[in-house]
Structures are given as C-alpha cells and as structure tokens.
Amino acid sequence: METIGPGTGDPLRSGPSAVVQRRRLALTGVRGHVAKGRDFTRQALLDWGWDGTETSEDALLLVSELLTNAALHAGGCIELVVSAGEVLRVEVFDGSTELPRRHPAPQRGLPGGHGLYIVERLSDRWGTHTHEHGKAVWAEIESSRLTSGRPTGR
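Cut-offs applied
- Each chain has its residues counted from 1, following the order in which its sequence is written.
- Side-chain atom pairs in this predicted model are given and counted only at pLDDT of 80 or more, local residue features only at pLDDT of at least 70, and totals for whole chains, interfaces and linings cover all residues.
- The side-chain values count all of the structure's non-hydrogen atoms but skip hydrogen atoms and water molecules.
- A side-chain nitrogen of Lys or Arg and a carboxyl oxygen of Asp or Glu constitute a salt bridge if their distance falls within 4 Å.
- Only runs of H or I of at least four residues qualify as helices and only runs of E of at least two qualify as strands under DSSP, and these elements are numbered from the N terminus.
- The buried label applies to any residue whose accessible area, calculated with a 1.4 Å probe on protein chains only, is under 20% of its type's maximum; exposed applies above 50%, and partly exposed to all values in between.
- The span one expects for a helix is its residue count, reduced by one, times 1.5 Å.
- Two residues form a contact once any of their heavy atoms are found within 4.5 Å.
- The aromatic pairing rule takes the rings of Phe, Tyr and Trp, using the six-membered ring of Trp, and pairs them if the centres are within 6.5 Å, calling planes under 30 degrees apart stacked, those over 60 edge-to-face and the rest tilted.
- Comment: the charge-over-ring label is applied if NZ (Lys) or CZ (Arg) is within 6 Å of the ring centre and within 35 degrees of the ring normal.
- Only the contacting stretch of a helix is used when fitting its axis, a line to C-alpha atoms as for every element, and angles between N-to-C directions run 0 to 180 degrees.
- We call two directions roughly parallel when the angle between them is under 35 degrees, roughly antiparallel when it is over 145, roughly perpendicular when it lies between 65 and 115, and oblique otherwise.
- By the definition used in this description, the sense in which the near helix is turned from the far one sets the handedness, with an anticlockwise turn below a right angle giving left-handed and a clockwise turn giving right-handed.
- Amino acid classes used here: Ala, Val, Leu, Ile, Met, Phe, Trp, Tyr, Cys and Pro are nonpolar; Asp, Glu, Lys and Arg are charged; the rest, including Gly, are polar.
- What makes a nonpolar core is a set of buried Ala, Val, Leu, Ile, Met, Phe, Trp, Tyr and Cys residues whose side-chain atoms join them at distances within 4.5 Å.

### Notes on the pattern of salt bridges
Next up, step 1: All chains considered together, the criterion is met by nine salt bridges.
Next up, step 2: Of the charged contacts, one joins lysine 135 and aspartate 94 as a salt bridge, the two residues approaching to 3.1 Å between their closest N and O atoms. With lysine 135 in strand 6 (residues 134-142) and aspartate 94 in strand 4 (residues 87-94), the pair connects residues that are 41 residues apart, well separated along the chain.
Next up, step 3: Between arginine 145 and aspartate 124 there is a salt bridge; the shortest N-O distance is 3.0 Å. Pair noted here: arginine 145 is in helix 4 (residues 143-148) and aspartate 124 is in the loop between helix 3 (115-122) and strand 5 (125-131), with a separation of 21 residues, a long-range link.
Next up, step 4: Judged by its relative accessible area of 27%, arginine 145 is partly exposed.
Next up, step 5: Counted as one network, the salt bridges with shared partners bring together Arg89, Glu91, Arg125, Glu140 and Glu142.

Have a look at this one:
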C-alpha cells in the first residue's frame, strides 16, 4: 500500500520513472544514525553532481527529518535508501506499520511537531509505503532543482 502526503502533487506519480543509481545504508542498531545518514547522502549527492546548492542542503535536511522521525516515532531506523534518476528519492525504512501524522498544531518557537511540515515544504512529493516488516517514508526532489539551484556560497 502506498499513500501520498497531503499537498504532494500528483498522487499517480509516486516514484522516479527511471532510477539510474540506488545506494543503501543499513541503520539497525547504528549509533549516530542521523549524522551517518547525512554523510552518506552528502557523498551520494557529490558523486552524482548534485552538491553545493541550496537544494542539496534541503535534501540533507530532509534526510535528517526522516531519520529523526523514524527514531522518535517508529522505534528506529532500519535502512536509508537514496536513489538518483529524474528525481532524488530518499526513503527511510522502519519496523512500524503506523503511518506518520502531522502534528495538529505545532507550537511556534518550541521544538517538536514540525518534522512533516518541513518534509512537505522541502520536497516535491512525499509519502509512505508499507512492506511486510513495517513501512518506508519517502520524499522526492526533482533533479532539475538539484542541478539549477543557487550555490550555497561555501
């Protein structure tokens, strides 16, 4: 079963049409999984020529949010998968079948409750799909945004 997050565009297009490369990072029992996931994704973006733009920084923030949400709300991360094609697709697999929900009214200036709002804001699409051992929450950024984004100024 696949669901698409609210405001995520065309629900019929839920994944990249042509995956060129896919990289997987096992995270079960890994300490510092958010930092490791960001470093793993940063290297993939560099290898794929999608680094050094504001949009690539957005992609790293997406990874952080998805990994943090899995750790806080789904019992931990099992695997991070990043795929390159017409889109950059980030998938975080966890062992829970409970679907993510946006916090009804996150408090401004207070931590917590903002994760899915950030995912929705930074990605072109996001959603979930279930599998026999849990679910994956995914987000996509169009590759054209990664190649044409403004430089980060570093």
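Moving on from the model shown.
### Focus: helix 2 (residues 54-73)
One turn of an α-helix holds 3.6 residues; hence residues three or four places apart share an orientation.
Next up, step 1: Helix length check: helix 2, at 20 residues, gives a terminal C-alpha distance of 28 Å against a target of 28 Å (1.5 Å per residue), a fit within 8%.
Next up, step 2: Taken together, the buried positions of helix 2 are Thr55, Ser56, Ala59, Leu60, Leu62, Val63, Ser64, Glu65, Leu66, Leu67, Asn69 and Ala70.
Next up, step 3: Residues of helix 2 that are buried in the fold lie against helix 1 (33-47), strand 3 (77-85), strand 4, helix 3, strand 6 and helix 4.
Next up, step 4: Taken from the residues just after helix 2, glycine 75 is the one with a positive phi, measuring 80 degrees.

### Regarding the packing of aromatic side chains
Next up, step 1: One pass over the full model with this rule turns up one aromatic pair.
Next up, step 2: Over the aromatic face of tryptophan 138 sits the side chain of arginine 89, whose NZ or CZ is 4.3 Å from the ring centroid.

### Side note on the packing of helix 2 against helix 3
Next up, step 1: Two numbers describe how helix 2 lies on helix 3: the axes approach to 10 Å, and their chain directions differ by 150 degrees. Considering their axes alone, helix 2 and helix 3 lie roughly antiparallel with respect to each other. For the element pair helix 2 and helix 3, the recorded crossing hand is left-handed. Of the residues in helix 3, those in contact with Asp58, Leu61, Leu62, Glu65, Leu66 and Asn69 of helix 2 are Gly115, Leu116, Ile118, Val119 and Leu122.
Next up, step 2: Along the lines of polarity and charge, the residues of the contact of helix 2 with helix 3 split into seven nonpolar, two polar and two charged.

### A word on the nonpolar core
Next up, step 1: Leu80 and Leu88 are the most contacted members of the largest nonpolar core, which totals 28 residues.
Next up, step 2: Going through the elements one at a time, helix 1, helix 2, strand 3, strand 4, helix 3 and strand 6 are the ones with two or more residues in this core.
Next up, step 3: The element contributing the most residues to this core is helix 2, with seven residues.
Next up, step 4: Here leucine 80 is in contact with Arg23, Arg24, Leu25, Leu27, Gly37, Phe40, Thr41, Val63, Val90, Glu91 and Val92, once residues within four sequence places are set aside.

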